[in-house]
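One-letter residues, chain by chain:
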Amino acid sequence: MTERLTKDQIKEEIIKKLRRLRGMTPDEATPDDVYEAVARTVRDLVMDEWSVSLKEEHKKNAKRLYYLSAEFLMGRALVNNMINLDLYEPYKEALIELGLSLDEIEQRESDAGLGNGGLGRLAACFLDSLSTLDMPVTGCCIRYEHGLFRQRIVNGEQIEEDDNWLENGNMWEITRPDDKVEVKYGGHIEETWTEHGLAVSHTDYTSVMAYPYDYPVMGYESRVPATLRLWEARAKTELDMTYFNKGDYASAARESALVESISQVLYPEDNHEQGRQLRLKQFYFFTSASMQFLVRSHKRHHGDIHTLPDRYVIQINDTHPTLAIPELIRILMDDEGLSWDEATGIAYRMFNYTNHTIMREALERWNENMLRTLLPRIHKIITVIDQKFRDIIWEKWPGDLAKMNEMAIVYGGEIRMANLCIAVCGKVNGVSALHASIIRTQTFRDFYILFPDKFTGVTNGITTRRWLAKANMPLTALIEERIGRGFLKRYQEFERLRDYLDDPSFRQGAAGVKRLNKERFADFLYEKQGVRIDPVTVFDVQAKRLHEYKRQLLKILHVLHLYFRIKTEPDVHIVPTTFLFAAKAAPGYYMAKEIIRLINAVSALLEDDPEVRDILRVVFIADYNVSTAEMLIPATDISEQLSTAGLEASGTGNMKFMMNGAVTIGTMDGANVEIYEQVGDDNIFIFGARVEELDRLNRLGSYDPCALCENDPAIKRVLDAIISGVLPVTGGRQFHDIYNALLFGGNGQADKYFVLHDFASYDEVYGRLAAAYEDRERWMRMSAVNTICSGIFSSDRAISEYAQNIWRLEPLD
């Protein structure tokens, strides 16, 4: 790293930036002016490291990872970069001397709208870790002009509003117009055999220009900042002058507007044909642009196209970027003149695939006719890959047409992207030990029999820099007092804290930090939503994307059960608790939005009851994002990880809560299994059916939620309550659809996610958890154990495993 700046040097740089950018002094500048000046001084330092490392990489012919993901949920960059540059304290002191507050300045930065949930947050953590470990990487994504949406709650219901996160620009990106590439849609393909081989002509296509913006991502004490390359769609010509000169201005701009919609919104709704087409265009857009740039860059720096696999490795993060596979083959054949065998021989050595989806119905598929129309050359390449893959299947299972149809890439008018990934990629990994086992034995069982060496597992991880050093500075300071600061770079050093587990001052210090963080979050929530909560109460948190399998419904039904206990059992003792929910539901996901409405209806019921409101409160935190998570997670006492066993691939929220001293109540699902193995039975609360039991119930069809309801008065009472008018709801609209889905199934299996099946187990285990919380010495020890054991869930560990076992990637010496 470059020489560390002093406080006085930082002050001087900030003053210079303000004078040169705005012609102002610090006391004259607006908050936005100050943010820009401070951010530019930090960016200058990052850029210095970035430019040096790129030159060094080219000089040493180092191998580079291309990490393709439809999401990178980065969070704010300003303070995170200061921490990773080891300049947080000098910046804070310099700003204080200038009469400025770093906390207030940070609020001027928008959360980058480049992701939705765990997939994007994982990708962001991986860039941080790759840089921290000095491994060259380019992350590739779309420069979405608008994020998923900003969430408001109106009359208890989710309302989606525009998330125009780029409204004031993005201080951290650098545009690279010289690297723009052309992406082609539609048109006609003509193939001609010549003496030099196959010649492909693509005519009558629609042209879209992909303009790159590079966003440097600084790791901790790194010499090799990561690059996040974001592609923006633009029309080849801004205006059709034929229409414009006739005065038809709307038509003149129409093409530009249609093209630019490709990079306009993260995850456009796909419950209609136009939305599905737009998503397909998006996924091809950024994968085509990324592969074109990769090949161009390789030729510029290394020359021989045949050495591509020696210089680059490509990771597909979930199936959204799968089109990169046929696109690279297309470039190598059509643009570089390679034969099919040469092109596929290169491509097949470069790609690897991370699966994040256990549920078969959620695996990505595209309508074949739509893909053929939009991407005719890509369709042709996929069909050839499919034909050759069918030959491999037939050789393994001769005569088994049913197995061939099940495993084929193209079948029944659909193109199956996971099957394409497995057929081509060198490695296919799950993201927890349980998930890796399930994809081998269930989801992709036949593929595993065919390609046993392809399948592996790498448990997800989180970056300690953002989720501890930034999000929880008081806990970081407490740990640093005991073992120094090395744990931020070497996750194994968390284990050194075991020497202090029996030290009362450490446990009490951690408890004091938790109380401080709860007070901080209470103030934050009041400022954000005007809701006051009591930091003396237990903070019981379920914060994750709203999906039925994550079972926010189980949690809110249990809260309703506790309410009825208070109302009907005079001697009942319940620890005063604030239940905090944070989740966004996809705009077209009706049942998820109904669960949000139910959560808010229960909240209103509790608030309106003076007998209950000081014991139980429910608060729904609107518009949950990375910055809110950085406030909420350190304040959490209880981490709710309730997914149906066998359906959550891993989870990373569970790791963030654990690292910050929360105690988990959860199922044996995803990475919860490995958290259990790390902390032991005494420091986690496990409930519910295991995977094997649920598999048996599904196989036999023996689960009867109606009978369960009739025989369990507690379940019957809460279910009756959601349809009987007990809950205060706007317009009197009760929750019959939730009721029917649980008991009768509607169009599918009744209680598909076993909410009622696990209810009694959850209630019993929750009672034990509440008793443990009241034993303060026991709880403080449990909390400390969770933090101590969290080091293994560092994304640095995960990246080291990927680098060694999948990518063969080395640090830049």
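Structure first, text after, so check above.
In this report, the structure presented in the accompanying data block is examined.

Definitions and cut-offs
Residues numbered from 1 in each chain as written. Predicted model: local features only at pLDDT ≥ 70, side-chain atom pairs only at ≥ 80, totals over all residues. Heavy atoms only, no water. Helix = DSSP H or I, 4+ residues; strand = E, 2+ residues; numbered from the N terminus. Buried < 20%, exposed > 50% of the residue type's maximum accessible area, 1.4 Å probe, protein only. Contact = heavy atoms within 4.5 Å. Areas by Shrake-Rupley, 256 points an atom, 1.4 Å probe, with all protein chains shown as cover. Arc of directions from axis to C-beta. Phe/Tyr/Trp six-rings, centres within 6.5 Å; stacked < 30°, edge-to-face > 60°. Lys NZ or Arg CZ within 6 Å of the ring centre and 35° of its normal. Pairing = 2+ DSSP bridges. Axes fitted to C-alpha atoms, helices over the stretch in contact; angles between N-to-C directions. Salt bridge = Lys/Arg side-chain N within 4 Å of Asp/Glu carboxyl O. Right-handed = clockwise from strand over helix to strand, strands pointing away. Core = buried A, V, L, I, M, F, W, Y, C linked by side-chain atoms within 4.5 Å. Parallel < 35°, antiparallel > 145°, perpendicular 65-115°, else oblique. Left-handed = near helix turned anticlockwise from the far one by under 90°. Nonpolar A, V, L, I, M, F, W, Y, C, P; charged D, E, K, R; others polar.

## Here we look at the overall build of the chain
The helix and strand inventory of the chain stands at 33 helices and 23 strands. Principal axes of the C-alpha set define a box for the chain whose edges measure 90 × 75 × 65 Å. Sorting the 813 residues of the chain into buried and exposed places 60% on the buried side. Taking the intrachain contacts of the chain between residues at least 6 apart in sequence as the baseline, contacts between residues at least 24 apart amount to 76%. For the chain, the computed accessible surface area is about 31,500 Å², with 47% contributed by carbon and sulfur atoms.

## Describing helix α12 (residues 340–347)
Along α12, the residues that are buried comprise W340, A343, T344, I346 and A347. The buried residues of α12 all sit within an arc of 160° when viewed along its axis, so they share a single face. Residues of α12 that are buried sit in contact with α10 (308–311), α11 (324–335), β12 (351–354) and α14 (376–396).

## Re the packing of aromatic side chains
Under the counting rule described, the total for this entry stands at 20 aromatic pairs. Centroid distance Y185 to Y284: 5.8 Å. Interplanar angle 75°. Geometry classified as edge-to-face. One end of the pair, Y185, is in strand β6 (residues 181–185); the other, Y284, is in helix α9 (residues 273–301), with 99 residues separating them in the sequence. Each member of the pair, Y185 as well as Y284, is classed as buried. On the basis of an interplanar angle of 85° and a centroid distance of 6.0 Å, the ring pair of F444 and F447 is categorised as edge-to-face. Summarising the burial analysis for this pair, F444 and F447 share the class buried. One aromatic cluster in this structure is built from Y67, F72, F126, Y802 and W807. The ring of Y773 carries R776 above its face, with NZ or CZ at 4.6 Å from the centroid.

## A few points about the side chain of N352
Within the secondary structure, N352 is located in strand β12. Not counting the four nearest positions on each side in its chain, N352 is found in contact with V313, I314, Q315, I316, C425, G426, K427, I806 and W807.

## Quick word on the side chain of T787
For T787, the position within the fold is in helix α32 (residues 776–788). On the basis of relative accessible area, T787 is assigned to the buried category, the value being 6%. In this structure T787 touches L475, I479, F494, M658, M659, N660 and G661, once residues within four positions along its chain are discounted.

## What about the sheet that holds strand β23 (residues 685–686)?
Spatially, the six strands line up as an open sheet ordered β20-β19-β18-β21-β22-β23, and their pairing is parallel. Each edge of the open sheet is held by one strand with a lone partner, namely β20 (616–621) and β23. In this sheet, β20 lies alongside strand β19 (residues 577–582) in parallel orientation, the contact comprising six bridges. The partner of L580 across the bridge, within β20, is V619. Sheet strands touched by helix α21 (residues 504–529): β18 (538–543), β19 and β20. Its angle to β20, the strand with the most contacts, is close to 60°.

## Quick look at the pattern of salt bridges
The final tally for this structure, using the stated rule, is 69 salt bridges. For D502, the salt bridge goes to R781, with nearest N and O atoms at 2.7 Å. Residue D502 is found in the loop between α20 (473–483) and α21, and its partner R781 is found in helix α32; the two are separated by 279 residues along the sequence. Note on D502: relative accessible area 57%, which makes it exposed. Taken together, the shared-partner salt bridges connect R176, D179, D214, R229 and R300 into one network.

## Here's the deal with the sheet that holds strand β15 (residues 414–416)
Strands sit in the order β13-β15-β14 across an open sheet of three strands; the sheet is antiparallel. The sheet terminates laterally at β13 (365–367) and β14 (410–411), the two strands that pair on one side only.

## Some thoughts on the pairing of β20
A large share of β20 lies buried, amounting to six of its six residues. In this fold, the crossover linking β19 to β20 by way of helix α23 (residues 590–607) has right-handed handedness.

## Some points on the nonpolar core
F285, F351 and W807 are the most contacted members of the largest nonpolar core, which has 280 residues in total. It is α9 that provides the largest number of residues to this core, a total of 11 residues. Apart from the residues within four sequence positions on either side, F285 is in contact with I142, V183, Y185, V208, M209, A210, W231, E232, A233 and I262.

## Topic: the packing of helix α22 (residues 552–568) against α23
The description of two helices packed together rests on the angle between their axes and the distance between the axes. Following both chains from N to C, one finds α22 and α23 inclined at 20°, their axes separated by 10 Å at the closest point. Classed by the angle they form, the pair α22 and α23 counts as roughly parallel. In this structure, α22 crosses over α23, and the sense of that crossing is left-handed. Here α22 contributes Q552, L553, I556, L557, V559, L560 and Y563 to the contact with α23, which in turn contributes I595, L598, I599, V602, L605 and L606. Partitioning the contact of α22 with α23 into residue classes produces 12 nonpolar, one polar and no charged.

Function cannot be inferred from these measures alone, as they are strictly geometric.
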